[in-house]
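Working through the structure, step by step
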Amino acid sequence: MKFHQHAVISLGISGLLYLIFKSWALAGASLIAGVFVDLDYGADYLLQRGFPLRIKDIFQAYREDSLLKVRFLHGWEWLPVWGMAAWLTDWNPWITGTLIGFAQHLVLDKVNHGENFLCYSFLWRWKKGFKSEDIFMKSGRR
Ligand SMILES: [Zn+2]
């Protein structure tokens, strides 16, 4: 799913959260997490290509599908971690909002791309060597 689509949907979900719970922390954390999970694209670029880190080059590498798909934030594994953290902090609004943002981001990516559920498992991608051709069966790019 594209960055601007995540931004619009995260803004809508955060607005709903604010209307229901009247918590800027919950809404803000959900918005930030829902959008910025995709920053791991930049981390992949930086770890594999190094500096300089330019947005144009990151998008080019994405279009070319030339990076390993580490994407450490794109993992279902984060949800139980954030869920446990939220529970242990008595549903702290910052942590709960982050959980909601992560969850909606991953679900939207999965639904929008229609790939195998496991494509959004960090551990499964690791087992596949983070190679796009072994992870994605359709277009090879996500
Ligand atoms: Zn994403």
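See the structure shown above.
Residues numbered from 1 in each chain as written. Predicted model: local features only at pLDDT ≥ 70, side-chain atom pairs only at ≥ 80, totals over all residues. Heavy atoms only, no water.

1. What about a nonpolar patch on the surface?
- Residues Phe 3, Ile 32, Phe 36 and Leu 39 make up a contiguous nonpolar surface patch of roughly 390 Å² in combined accessible area.
- Considering the arrangement of structural elements, one finds Phe 3 in helix α1 (residues 3-21).
- You can call Phe 3 partly exposed: its relative accessible area is 42%. (Patch = residues over 30% accessible without salt bridge, like charges linked within 9 Å, V, L, I, M, F, W, Y side chains within 5 Å. Areas by Shrake-Rupley, 256 points an atom, 1.4 Å probe, with all protein chains shown as cover. Salt bridge = Lys/Arg side-chain N within 4 Å of Asp/Glu carboxyl O. Helix = DSSP H or I, 4+ residues; strand = E, 2+ residues; numbered from the N terminus. Buried < 20%, exposed > 50% of the residue type's maximum accessible area, 1.4 Å probe, protein only.)

2. Focus: the coordination of the zinc ion
- Donor atoms from the polypeptide that coordinate the zinc ion comprise Asp 38 (OD), His 74 (NE2), His 105 (NE2) and Asp 109 (OD), at 2.1 to 2.2 Å from the metal.
- Taken together, the four donor atoms surrounding the zinc ion define angles of 86 to 174 degrees at the centre, an arrangement classified as irregular.
- For the zinc ion, the donor residues sit on a single chain with the sequence spacing D-x35-H-x30-H-x3-D. Of the two residues, Asp 38 sits in the loop between α2 (24-36) and α3 (39-49) while His 105 sits in helix α6 (residues 93-113), which places them 67 residues apart along the sequence.
- On the basis of relative accessibility, which here comes to 9%, the residue Asp 38 falls in the buried class.
- Owing to a relative accessible area of 0%, His 105 belongs among the buried residues under this scheme. (Donors = N, O, S within 2.8 Å, 3.2 Å for Na, K, Ca; no water. Tetrahedral: all angles 85-135°; square planar, octahedral: opposite > 155°, others 65-115°.)

3. Topic: the packing of α1 against α2
- Where α1 meets α2, the axes come as close as 8 Å, and the angle between the chain directions of the two elements is 165 degrees. Judged by the inter-axis angle, α1 sits roughly antiparallel to α2. The handedness of the crossing between α1 and α2 comes out as right-handed. Of α2, the residues touching α1 (which contributes Phe 3, His 6, Ala 7, Ser 10, Leu 11, Ile 13, Ser 14, Leu 17, Tyr 18 and Phe 21) are Trp 24, Leu 26, Ala 27, Ser 30, Leu 31, Gly 34, Val 35 and Phe 36.
- For the contact of α1 with α2, the class distribution of residues is 13 nonpolar, five polar and no charged. (Axes fitted to C-alpha atoms, helices over the stretch in contact; angles between N-to-C directions. Parallel < 35°, antiparallel > 145°, perpendicular 65-115°, else oblique. Left-handed = near helix turned anticlockwise from the far one by under 90°. Contact = heavy atoms within 4.5 Å. Nonpolar A, V, L, I, M, F, W, Y, C, P; charged D, E, K, R; others polar.)

4. Re α6
- Helix length check: α6, at 21 residues, gives a terminal C-alpha distance of 30 Å against a target of 30 Å (1.5 Å per residue), a fit within 8%.
- Among the residues of α6, those classed as buried are Ile 95, Thr 96, Gly 97, Thr 98, Leu 99, Gly 101, Phe 102, Gln 104, His 105, Leu 106, Asp 109 and His 113.
- Between the side-chain oxygen of the N-cap and the backbone nitrogen of Trp 94 there are 2.8 Å, and the N-cap of α6 in question is Asn 92. (Expected span 1.5 Å × (residues − 1). Polar contact = N/O pair within 3.5 Å; in protein donor to acceptor, adjacent residues only side chain to side chain.)

5. What about the packing of aromatic side chains?
- Throughout the structure, instances matching the rule amount to nine aromatic pairs.
- Between the aromatic rings of Trp 78 and Phe 102, the centroid separation amounts to 6.3 Å while the plane-to-plane angle is 45 degrees, which identifies the pairing as tilted. Of the two residues, Trp 78 sits in helix α5 (residues 78-88) while Phe 102 sits in helix α6, which places them 24 residues apart along the sequence.
- Centre to centre, the rings of Phe 122 and Trp 126 are 5.9 Å apart; their planes meet at 50 degrees, and the pair counts as tilted. Placement of the pair is Phe 122 and Trp 126 together in helix α7 (residues 122-127), with a separation of four residues, close to one helical turn. (Phe/Tyr/Trp six-rings, centres within 6.5 Å; stacked < 30°, edge-to-face > 60°.)

6. Focus on the packing of α1 against α6
- Running from amino to carboxyl end, α1 crosses α6 at an angle of 135 degrees, the nearest separation of the two axes being 11 Å. In terms of axis orientation, α1 runs oblique to α6. Both α1 and α6 take part in a crossing whose hand is right-handed. Residues Gln 5, His 6, Ile 9, Ser 10, Ile 13 and Leu 17 of α1 form the contact with α6, whose participating residues are Ile 100, Gln 104, His 105, Leu 108, Asp 109 and Asn 112.
- Along the lines of polarity and charge, the residues of the contact of α1 with α6 split into five nonpolar, six polar and one charged.

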